[in-house]
Amino acid sequence: MKGSGIFLILITAFVLFMLFFGDIHYVFNEDHLLVDANMYTDYVLRYDTIEDIEYWEGKMPGLRVGGFGSFRLLMGFFENDEFGGYTRYSYVGTDAHIVITSGEDVLILNADNAITDGFVGNG
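Quick look at the structure, then. (Residues numbered from 1 in each chain as written. Predicted model: local features only at pLDDT ≥ 70, side-chain atom pairs only at ≥ 80, totals over all residues. Heavy atoms only, no water.)

Read from one edge to the other, the open sheet built from six strands follows the order 4-8-9-7-6-5, with strand pairing classed as mixed. Either end of the sheet is taken by a strand with one partner, and the two such strands are strand 4 (52-57) and strand 5 (63-69). Each strand axis lies, on average, 20° off the axis of its neighbour in the sheet, ignoring direction. (Pairing = 2+ DSSP bridges. Helix = DSSP H or I, 4+ residues; strand = E, 2+ residues; numbered from the N terminus. Axes fitted to C-alpha atoms, helices over the stretch in contact; angles between N-to-C directions.)

Shown next, in the form of C-alpha cells:
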C-alpha cells in the first residue's frame, strides 16, 4: 500500500513535469543552426540549404501528426493548408514565428516571450 502511494506520487510528478516544463534553445554555429529541444529530438539546419526565411505574426494553424505537445511546447511534424507538412519547434501562446524553407522542408520556430528569447550564439 505504501509503495503504491509513492509510485502514484512519482508518476503524478512526472506527468506534471512533462506538461508544464521544457525549453527550446537555438544555437547558431558556424555552418548550421542547432535546435536543442528538451523532451524531443534535436534538429540541425545547415545554413547553405536555406532558401527563404520569413516572419509570421499570429497563431500558427496546424495539426500535429507526430511529435510532442504539452501546455508549454509544440514540437514535431505538423500539417496545414499554408505549408503542407512541416517541422515545428514552438512555445504555446506565442504569436510570432520564423518560417524557414530549405528545399522541400519547412521549419517553423518561435521563442517563449519574444522572438529573440532562447537564441544562443556559438561561433
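Continuing now.
Side chains bearing opposite charge may pair, as long as their charged atoms lie close to each other. Using the criterion set out here, one finds four salt bridges in the structure. One salt bridge in this structure joins D48 and R46, with 3.6 Å as the shortest N-O distance. Residue class for R46 comes out partly exposed when judged on its relative accessible area of 40%. With a closest N to O distance of 3.2 Å, D95 and K59 form a salt bridge. Of this pair, D95 sits in the loop between strand 7 (84-91) and strand 8 (96-102) while K59 sits in the loop between strand 4 and strand 5, and the two are 36 residues apart along the sequence. (Salt bridge = Lys/Arg side-chain N within 4 Å of Asp/Glu carboxyl O. Buried < 20%, exposed > 50% of the residue type's maximum accessible area, 1.4 Å probe, protein only.)

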